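# Architecture at a glance
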Amino acid sequence: NNGSSRYGLFTTESAVRQAFGGVARVGFLVAPNLVLEGGLRFTRPVYELRVSGDAENAPDTTIEETLSQYVFDGSVVWNFGGAGRRLVPFVYGGAGYLRELHEEDALVEEGVEYHAGGGIKWWLGESGRRFGLRGDVGVSVRDGGFDFGEGLRTVPVVGVSLIYTF
């Protein structure tokens, strides 16, 4: 023992708040039930750092920073059911490039993103069924980017979108 002991000057807790975002996708039908998609997801989550328990009795404080988060991805989508069905369940999986910018773009974090999930496409109208709604749920596993520690982190993904076929 060298006579030293650990002394906590203050404690911190950090979190990234959930955020709504936007998605744009383009898909190409390569077989009757198989679609290749490319996409961009964008969100602006808020990073929150709470500082408390200051040894000199300073008041507790919360620091916030808004991140700009981009995911450029590619996916394989398998549709269950043939053409002409109004309700089409599907599953998907893929990977992407993760880019996160700190507030005022002062710092860039990069990483890799893997995703999988499933959902339902509901085609509207009778003839040609060019318009529809898509609802999906999945998971995004990220390595790199803005993180509080080492290793992978898992993020739930839920989406509802309008779809159009050419």
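Higher on the page you've got the structure.
For clarity, every value in this text was computed on a predicted model and none was experimentally measured.

Another point: the overall build of the protein. Per the secondary structure count, the protein includes 0 helices and 10 strands. In terms of overall dimensions, the protein is more spread out than a globule: its C-alpha atoms have a radius of gyration of 22 Å, far above the 15 Å expected for 166 residues. Taking the principal axes of the C-alpha coordinates as reference, the protein spans close to 80 × 30 × 25 Å. Considering only contacts in the protein between residues 6 or more positions apart, those separated by 24 or more positions represent 58%. Surface accessibility of the protein: about 10,900 Å² in total, with carbon and sulfur atoms responsible for 59%. In the protein, 15 side chains carry a positive charge and 21 a negative one; their mean positions are 15 Å apart.

Of note, the phi angle at Asn57 is positive, near 65°, even though the residue is not glycine. As for its placement among the helices and strands, Asn57 is situated in the loop between strand S4 (46-52) and strand S5 (61-66). For Asn57, a relative accessible area of 71% puts it in the exposed group.

This part covers the pattern of salt bridges. The full count for this structure, using the stated rule, is 12 salt bridges. Among the salt bridges present, the one from Arg17 reaches Glu48, with a minimum N-O distance of 3.3 Å. Taken together, the positions of Arg17 in the loop between strand S1 (11-16) and strand S2 (21-31) and Glu48 in strand S4 put the pair 31 residues apart, joining distant regions of the chain. Classification of Glu48 by relative accessible area gives buried; the value is 15%. With a closest N to O distance of 3.3 Å, Asp136 and Arg134 form a salt bridge. The pair formed by Asp136 and Arg134 is uniform in burial state, with each residue classed as buried.

Below, the discussion takes up the sheet that holds strand S10 (residues 153-164). The strand order S2-S3-S6-S7-S8-S9-S10 describes an open sheet built from 7 strands, whose pairing is antiparallel. Each edge of the open sheet carries a strand with a single partner, namely S2 and S10. Put simply, the sheet's adjacent strands are angled 20° from each other on average, direction ignored. The pairing of strand S7 (residues 87-101) with strand S8 (residues 108-123) spans 15 bridges and is classified as antiparallel. Looking across to S8, one finds that Gly96 is bridged to Glu113.

Counted under the stated rule, the structure contains 5 aromatic pairs. Both rings, one in Phe72 and one in Tyr97, keep their centres 6.2 Å apart while their planes meet at 25°; by these two values the pair is stacked. Separated by 25 residues along the polypeptide, Phe72 in strand S6 (residues 68-79) and Tyr97 in strand S7 bring together distant segments of the chain. Relative to Tyr164, the ring of Phe131 has its centre 4.9 Å away and its plane inclined at 55°; by these criteria the two rings are tilted.

The rules we used
Residues numbered from 1 in each chain as written. Predicted model: local features only at pLDDT ≥ 70, side-chain atom pairs only at ≥ 80, totals over all residues. Heavy atoms only, no water. Helix = DSSP H or I, 4+ residues; strand = E, 2+ residues; numbered from the N terminus. Rg over C-alpha atoms; globule rule 2.2 N^0.38 Å. Contact = heavy atoms within 4.5 Å. Areas by Shrake-Rupley, 256 points an atom, 1.4 Å probe, with all protein chains shown as cover. Lys, Arg positive; Asp, Glu negative; His and termini not counted. Charge placed at Lys NZ, Arg CZ, Asp CG, Glu CD. Buried < 20%, exposed > 50% of the residue type's maximum accessible area, 1.4 Å probe, protein only. Salt bridge = Lys/Arg side-chain N within 4 Å of Asp/Glu carboxyl O. Pairing = 2+ DSSP bridges. Axes fitted to C-alpha atoms, helices over the stretch in contact; angles between N-to-C directions. Phe/Tyr/Trp six-rings, centres within 6.5 Å; stacked < 30°, edge-to-face > 60°.

By themselves, these figures tell us nothing about what the structure is for.
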